[in-house]
Amino acid sequence: MEKNEIISPENLVYKKPTLMNNVPMHYCPGCSHGVVHKLVAEVIEDMGMEDKSIGVSPVGCSVFAYRYIDIDWQEAAHGRAPAVATAIKRMWPDRLVFTYQGDGDLGCIGAAETIHALNRGENITIIFINNAIYGMTGGQMAPTTLIGQKTATCPYGREPQLHGYPLKVPEMAALFEGTCFVTRQSVDTVGHITKAKKAIRKAFEANMAEKGSCLVEITSTCNSGWKMPPAKANEWMTENMFPFYPQGDLKDTTKE
């Protein structure tokens, strides 16, 4: 292709989602957050919900989601995003409302808000980034840290007798009467990215159809917190996290 040749629409393979702001990316190289941001932006655009979407971002790496996706956002205190999202959805039921949370925020200080919002069947989607560690604050052990996994606060590996067991949030959420769609996906390969996008869209559509609460977990990497290069982090996730956190749908009543 010549340097100044114009790319015709039929030859266009990829373009940046129009809802993605043109700002420098602050996430570490290899982080899964940027990919998930892109998928959320694409789904909202595909659904034509650009002016009717409201995201809720709390504390942690995910707090800066508002910088990247050009929709309405509401900040929330640590762990309280599902409660804030509940209020927004009840006040504006015609809006697409979702939270964007990490495992420390959702599974630790926000566990109560998460459980009760899902159990009530609020028509919101919780997008849950599970990288098995507290990423922003220095790599401490999270509720989702694997047995034997080393972190800043369990340098010899997580021990169940001392630290308890990793929390499987989707398995728990699937038991609630109020949830209609619960899934666990990842974004480490093109195939997995495609599946994750479909899952996010299904969740958003279920919310707008008032079918109940949705939880979309994205099993992710934190190569900085894990102290690994990006490629090695993906390998570690595949070998260690996928067996404990199986990929796929855990509950789907959206067609009932």
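Cut-offs used in this document
Residues numbered from 1 in each chain as written. Predicted model: local features only at pLDDT ≥ 70, side-chain atom pairs only at ≥ 80, totals over all residues. Heavy atoms only, no water. Salt bridge = Lys/Arg side-chain N within 4 Å of Asp/Glu carboxyl O. Helix = DSSP H or I, 4+ residues; strand = E, 2+ residues; numbered from the N terminus. Core = buried A, V, L, I, M, F, W, Y, C linked by side-chain atoms within 4.5 Å. Buried < 20%, exposed > 50% of the residue type's maximum accessible area, 1.4 Å probe, protein only. Contact = heavy atoms within 4.5 Å. Phe/Tyr/Trp six-rings, centres within 6.5 Å; stacked < 30°, edge-to-face > 60°. Polar contact = N/O pair within 3.5 Å; in protein donor to acceptor, adjacent residues only side chain to side chain.

### Regarding the pattern of salt bridges
By the definition in use, this model includes twelve salt bridges. Arg-90 is the partner of Glu-122 in a salt bridge, and the nearest nitrogen-oxygen pair spans 2.5 Å. In this pair, Glu-122 is assigned in the loop between helix H4 (111-120) and strand S4 (125-130) and Arg-90 in helix H2 (residues 81-91), connecting sequence segments 32 residues apart. Residues joined in a network through salt bridges with shared partners are Lys-38, Glu-42, Asp-46 and Lys-197.

### Quick look at the nonpolar core
When a protein is soluble and globular, its nonpolar side chains tend to lie buried together. Ranked by size, the top nonpolar core spans 34 residues in total, and within it Val-36, Val-40, Ile-44, Ile-69, Phe-98, Ile-127 and Phe-204 carry the most contacts. Every element with two or more residues in this core is listed here: helix H1 (33-47), strand S3 (96-102), S4, strand S5 (179-186), helix H7 (190-208) and strand S6 (213-219). The residues touching Ile-44, leaving out its near neighbours within four places in the chain, are Leu-19, Met-49, Glu-50, Ser-53, Ile-71, Leu-96, Phe-98 and Phe-204. Residues Trp-226, Met-228, Ala-233 and Phe-242 belong to the second largest nonpolar core, which totals twelve residues.

### Observations concerning unusual backbone geometry
Trans peptide bonds make up most of the peptide bonds, and negative phi angles are found at most residues other than glycine. The backbone of Ala-132 shows a phi angle near 65 degrees, a positive value even though the residue is not glycine. Mapped onto the elements of the fold, Ala-132 is located in the loop between S4 and helix H5 (160-163). Since its relative accessible area comes to 0%, Ala-132 is described here as buried. The phi torsion at Lys-227 lies on the positive side, around 60 degrees, for a residue other than glycine. Along the polypeptide, Lys-227 turns up in the loop between helix H8 (223-226) and helix H9 (230-244).

### Examining the packing of aromatic side chains
Under the criterion given, the structure shown has six aromatic pairs. With centroids separated by 5.6 Å and ring planes inclined at 35 degrees, the aromatic side chains of Tyr-27 and Tyr-68 adopt a geometry described as tilted. Of this pair, Tyr-27 sits in the segment before H1 while Tyr-68 is found in the loop between strand S1 (53-57) and strand S2 (72-75), placing the two residues 41 residues apart along the sequence. The exposure class of Tyr-27 is buried, given its relative accessible area of 10%. With a relative accessible area of 1%, Tyr-68 lands in the buried category. Here the aromatic rings of Trp-226 and Trp-236 are separated by 4.8 Å at their centres, their planes lie at 55 degrees, and the arrangement is tilted. Note that Trp-226 is positioned in helix H8 and Trp-236 in helix H9, a separation of ten residues in sequence.

### Describing the side chain of Asn-223
Along the chain, Asn-223 turns up in helix H8. Once residues within four sequence positions are removed from consideration, Asn-223 is found in contact with Pro-29, Gly-30, Cys-31, Met-228, Pro-229, Pro-230 and Ala-233.

### Here we look at the side chain of Ser-57
Of note, Ser-57 is situated in strand S1. Judged by relative accessible area, Ser-57 falls into the buried class, the value being 1%. At 3.4 Å, the side chain of Ser-57 forms a polar contact with the backbone oxygen of Val-63. Those residues within four positions of Ser-57 in sequence are excluded, and the remaining contacts are Ser-62, Val-63, Ala-65, Tyr-66, Trp-73, Gln-74, Glu-75, Ala-76 and Tyr-100.

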